[in-house]
Amino acid sequence: MKILHTSDWHLGRTFGSTSLLADQSEFCHFLVQTAIAERVELAVIAGDIFDRSIAPREAIELLRQTLSDLRRAGVIVAAITGNHDGPDRVVPYSALTDLSGVYLRGGYTGVGETITHEFSDGPLDLVLLPYLDPRAAPDDFGRALEGEESIDKLEQRRRRTHQSVLADAISAARTTCEAPRSLAISHAFVVGETSCEESESERILEVGGSGAVDASLFDDFSYTALGHLHKPQDVGRETLRYSGTPLRYSFSENHDKSVTLIEMDRHGASDVRQIPLAIGRTVATLRGTIEELLEPLFAPHARDSFVRAVVTNRETVIDLKVKLEQLYSNVVEIQLAPNGVDINDPVPVPLHEKVRTPREMANEFWEAVEGSPPTDRITSLLDDAVESALEVQP
Ligand SMILES: [Mn+2]
């Protein structure tokens, strides 16, 4: 069977003040046509269907139309909410849409269930793992309660992390997986042996990297369709993969976009390939004096791109935007960098190589700011500070 893996549609998003709805609509049309041409049986949206929790009417209409078109073409749909979506608004009718072959899941309702669907070549277990905010977990969620009657609700909540709620959801679902093959769909920041590449448009899940979860959580699934990171990429193996967004949603997304097509045999072995997308404008960050930027040969490729201009003139330039717009039709952002300092230059921060404790993060922060590890005295102060911070955390 063939599966189309997509994520992070962010329907309703704008780039600067420019609506992207026409481009998003073009993508949806392309998706339906591709599904038909490739005889796809299952289409996946791995979260961030909408850009905002209260999505604009046009975005809701586009989703409804696309889901209808996919179903008319005989394609089953499995979609989860991401950290941008409002689960209450995306999934209230999921019991009804299930009946029509559109499986929508969001928030904690139904987490841990397995949906077994019969496809042309046999059954496939679907485990839908929407973005789960550990702070929003119901009191009776997960295994923190089991065998530890003495733990009060506050303590339970304090112990929950992105890693723990996802691990609990997966272990609950695994007990009901019966088919010879399985597909997990998850919206999370998954970290494996090598680090992934992030973009500017992903709203971070947790300050300091503790929103990360271990890649090993997904070891038992035939394929895991990930959402959240906007660049298409594998996490260590091609069956644990981010499909990336269909369009460029920030200036850092200067990479090619694609959707992922999986051909899975009835035992779960998968052949994975990318179908390139060429929809919407490219992005360009241009840097130079206004005189340089206005040279016709400075960046002819960027004439139609979304442009971020970093202007390095030392003196004030009047009517900067108007001048730039003579040559570039979509100037979205202008930054002044008179001293050559570019606020886009990356500040070196430790990579999220593993899930870290608040205490480890405090140490890393200290070292990054002070340039040396904390002394014994500072260590003991940090110990106390982190401990008392964790005590008051709701
Ligand atoms: Mn996203």
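Report follows, based on the coordinates. Here the structure is a predicted model, which is why all the values come from computation and not from measurement.

Each regular strand displays side chains that alternate between the two surfaces of the sheet. Among the six residues of strand S9 (residues 182-187), six are classified as buried, and the element is accordingly described as predominantly covered. By the alternation rule, side chains of S9 split into Ser182, Ala184 and Ser186 and Leu183, Ile185 and His187, which are all buried. Summarising the sheet, strand S8 (residues 122-129) and S9 pair through five bridges and their orientation is parallel. Bridging across to S9, Leu129 finds its partner in Ser186. Where S9 lies against strand S12 (residues 223-227), five bridges are found, and the strand directions are parallel. In the strand pairing of S12, Ile185 is matched with Ala225.

Attention now moves to the side chain of Asp125. Its place among the elements puts Asp125 in strand S8. Asp125 has contacts with Thr114, Ile115, Thr116, Cys177, Glu178, Ala179, Arg181, Ser182 and Leu183, leaving out every residue within four places of it along the chain.

On to the packing of helix H1 (residues 21-37) against helix H2 (residues 57-72), then. Two numbers describe how H1 lies on H2: the axes approach to 10 Å, and their chain directions differ by 10°. The orientation of H1 with respect to H2, classified from their angle, is roughly parallel. Where H1 approaches H2, its residues Leu21, Gln24, Ser25, Cys28, Val32 and Ala35 are matched on the opposing element by Glu58, Ala59, Leu62, Thr66, Asp69 and Leu70. For the contact of H1 with H2, the residue count by class is seven nonpolar, three polar and two charged.

Another point: the packing of aromatic side chains. Tallied over the entire structure, the rule returns four aromatic pairs. Residues Phe15 and Phe306 carry aromatic rings whose centres are separated by 4.2 Å and whose planes lie at 5° to one another, so their mutual orientation is stacked. Taken as a pair, Phe15 in strand S2 (residues 14-15) and Phe306 in strand S18 (residues 306-311) lie far apart in primary sequence, 291 residues in all. Taking relative accessible area as the criterion, Phe15 reaches 5% and is therefore assigned buried.

This model, assessed by the stated rule, comprises three cavities of 30 Å³ or more. Space inside the largest cavity adds up to approximately 70 Å³. Lining the largest cavity are Pro130, Tyr131, Leu132, His162, Val165, Leu166, His187, Ala188, Phe189, Leu205, Gly211 and Val213. Considering each element in turn, the lining of the largest cavity owes the most residues, three residues, to helix H6 (residues 162-174). Taken together, the residues of the lining of the largest cavity sort by class into nine nonpolar, three polar and no charged.

Okay, unusual backbone geometry next. Glycine aside, the phi torsion of most residues is negative, and most peptide linkages are trans. Non-glycine residue His10 carries a positive phi angle of around 50°. In this structure, His10 sits in the loop between strand S1 (2-6) and S2. In this model, Arg39 sits at a positive phi of 55°, which is unusual for a non-glycine residue. The topology assignment puts Arg39 in the loop between H1 and strand S4 (42-46).

There is about 360 Å³ of room inside the second largest pocket. In terms of lining residues, the second largest pocket is bounded by 20 residues, among which Ile60, Leu63, Arg89, Val90 and Leu104 are the most central. Among the elements of the structure, H2, helix H3 (87-90), helix H4 (94-99) and strand S6 (102-105) are those that each provide at least two residues to the lining of the second largest pocket. Among the elements that make up the lining of the second largest pocket, the one with the highest residue count is H2 (four residues). Within the lining of the second largest pocket, the residues separate by chemical class into 11 nonpolar, five polar and four charged.

This part covers the sheet that holds strand S17 (residues 283-288). The strand order across the open sheet formed by three strands is S17-S18-S19, and the pairing between neighbours is parallel. Every other strand in the sheet has two partners, leaving S17 and strand S19 (331-336) as the edge strands with one partner each. Strand-to-strand twist of the sheet, defined as the mean angle between neighbouring strand axes without regard to direction, takes the value 15°.

Rules behind the numbers
- Residues numbered from 1 in each chain as written.
- Predicted model: local features only at pLDDT ≥ 70, side-chain atom pairs only at ≥ 80, totals over all residues.
- Heavy atoms only, no water.
- Buried < 20%, exposed > 50% of the residue type's maximum accessible area, 1.4 Å probe, protein only.
- Helix = DSSP H or I, 4+ residues; strand = E, 2+ residues; numbered from the N terminus.
- Pairing = 2+ DSSP bridges.
- Contact = heavy atoms within 4.5 Å.
- Axes fitted to C-alpha atoms, helices over the stretch in contact; angles between N-to-C directions.
- Parallel < 35°, antiparallel > 145°, perpendicular 65-115°, else oblique.
- Nonpolar A, V, L, I, M, F, W, Y, C, P; charged D, E, K, R; others polar.
- Phe/Tyr/Trp six-rings, centres within 6.5 Å; stacked < 30°, edge-to-face > 60°.
- 1 Å grid on protein atoms, 1.4 Å probe; cavity = no way out; pocket = protein on both sides within 12 Å on 5 of 7 lines; lining within 4 Å.
- Points joined across faces, edges and corners; volume = space filled by probe spheres on them.

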